[in-house]
Amino acid sequence: MAEPPSSTSPITASRAGGFPRWYRSLPREHRPVFWAGFAGWGLDSFDFNTLPLALGSLTAAFALSSAQAGWIMTVTLLASAVGGALAGLLSDRVGRVRVLMLTVATFAVFTALSGLAQTYGQMLLFKGLQGLGFGGEFAAGAVLVAEVSPAKHRGRILGFVHSSWAVGWGLAVLGYTVVFSHAGPDAWRYLFLLGILPAFALLFVGRNVKDSDASTENRRRAATETAGPAWGGLVVLFCRDLRRTTLLAVLVGIGVQGGYFAVFTWLPSYLHTERGLTVVGTGGYLSAVIAGCFLGYVCAGYLHDWVGRRATFVLFAVSRLQTEHR
């Protein structure tokens, strides 16, 4: 009697569509979660990165000082921190998918409305509201992907999801290069208006993505218990057993994110004003950075599963310090 084909046979690989093992480890019903997370984070990146790319033109259009221009970015990022916390609390109550859809709609709509802003105050308002969606989308989407990912392959799955930041960044640079090469002084408005495009991802999420079993069970259990304050889950992070870990994680997050945004917020303007690069030249320079960013996300995912998250973080942190020192 012939033996049945093994899990690594060509037949099985063909049925799996040629996808790698880490992808095939996802439960079939939750594979759309991976694509929703990938698309959500990539489109989040697209909408956010239109701001650094357009910041120089925006500054000229509203006759802003460097401090005022910096406040636009500051408000966006501070609001994203608030949005992340709120989305985390809300997703525990109503589900990850609902919050994911709400946050994608929020950052898409208010990015587009930024293109219609007539005053500096309106721009601050629209970017602050965009920031709520920007931070909230990652909070809901990343947790949802992590919950459906097998522990053995979680690093690679999340690494590829996070690599979509580079994809979205690249699309933003492409849009910037095309629009700013043809649209004249109001090019920044057209670039922001492109931010409505992520809203179309809601059609896929609404039809194909469902909450993880863990999230559904947690909500079911919470419904049978005495309702506590809405912020109860956040308070738990600062209890005695978790306080040290929470504070260290927050400190690391501030350092990593602060360093990233401090550099890349001003990099397009610096390349144009200080280095004299054209729109096409700026796009080309950023493309090299984006390619490295994509490889970094993917490689970190593999290393996470091989050597653990702590060793991976230390390795990349040391590499970053050595690069900046040079």
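Placed above this text is the structure.
If you're wondering where the values come from, they're calculated on a predicted model, not measured in any experiment.

1. Details of the overall build of the protein
Moving on, step 1. Helices and strands together make up the secondary structure of the protein, namely 15 helices and 0 strands.
Moving on, step 2. Burial status across the protein gives 40% buried among its 326 residues.
Moving on, step 3. For the protein, long-range pairs separated by at least 24 residues make up 78% of all intrachain contacts whose partners lie at least 6 apart in sequence.
Moving on, step 4. Within the structure as shown, the protein displays about 17,600 Å² of accessible surface, and the carbon and sulfur contribution to it stands at 67%.

2. Topic: the nonpolar core
Moving on, step 1. If you look at the biggest cluster of nonpolar residues, it comprises 37 residues, and the most contacted ones within it are Leu58, Met123, Trp165, Phe180 and Trp188.
Moving on, step 2. Elements supplying a minimum of two residues to this core: α3 (31-61), α4 (66-94), α6 (120-148), α7 (154-182), α8 (187-193), α12 (243-264), α13 (267-273) and α14 (279-307).
Moving on, step 3. Listed in part, the 26 residues of the second largest apolar core include Trp22, Leu100, Ala140 and Val209.

3. Observations regarding the side chain of Glu137
Moving on, step 1. Along the polypeptide, Glu137 turns up in helix α6.
Moving on, step 2. One buried charged residue, Glu137, forms no salt bridge at all, with the nearest opposite charge on Arg96 at 13 Å.
Moving on, step 3. The residues touching Glu137, leaving out its near neighbours within four places in the chain, are Gly40, Trp41, Asp44, Leu100, Thr103, Val104 and Phe107.

4. Quick notes on the packing of α4 against helix α5 (residues 96-114)
Moving on, step 1. In contact at an axis separation of 7 Å, α4 and α5 are set at 135° when each is read in the N-to-C sense. As the angle between them shows, α4 and α5 are arranged oblique. Of the residues in α5, those in contact with Ala87, Leu90, Ser91, Asp92 and Val94 of α4 are Arg96, Arg98, Val99, Leu102 and Thr103.
Moving on, step 2. Broken down by class, the residue content of the contact of α4 with α5 amounts to 5 nonpolar, 2 polar and 3 charged.

5. Some words on α5
Moving on, step 1. Relative to the 27 Å expected for 19 residues at 1.5 Å per residue, α5 spans 27 Å between its end C-alpha atoms, a close match to the ideal helical length.
Moving on, step 2. Among the residues making up α5, those that are buried are Arg96, Val97, Val99, Leu100, Thr103, Val104, Phe107, Ala108, Thr111, Ala112 and Ser114.

What counts, and at which threshold
Residues numbered from 1 in each chain as written. Predicted model: local features only at pLDDT ≥ 70, side-chain atom pairs only at ≥ 80, totals over all residues. Heavy atoms only, no water. Helix = DSSP H or I, 4+ residues; strand = E, 2+ residues; numbered from the N terminus. Buried < 20%, exposed > 50% of the residue type's maximum accessible area, 1.4 Å probe, protein only. Contact = heavy atoms within 4.5 Å. Areas by Shrake-Rupley, 256 points an atom, 1.4 Å probe, with all protein chains shown as cover. Core = buried A, V, L, I, M, F, W, Y, C linked by side-chain atoms within 4.5 Å. Lys, Arg positive; Asp, Glu negative; His and termini not counted. Salt bridge = Lys/Arg side-chain N within 4 Å of Asp/Glu carboxyl O. Axes fitted to C-alpha atoms, helices over the stretch in contact; angles between N-to-C directions. Parallel < 35°, antiparallel > 145°, perpendicular 65-115°, else oblique. Nonpolar A, V, L, I, M, F, W, Y, C, P; charged D, E, K, R; others polar. Expected span 1.5 Å × (residues − 1).

Purely geometric stuff here, so don't read any function into it on its own.
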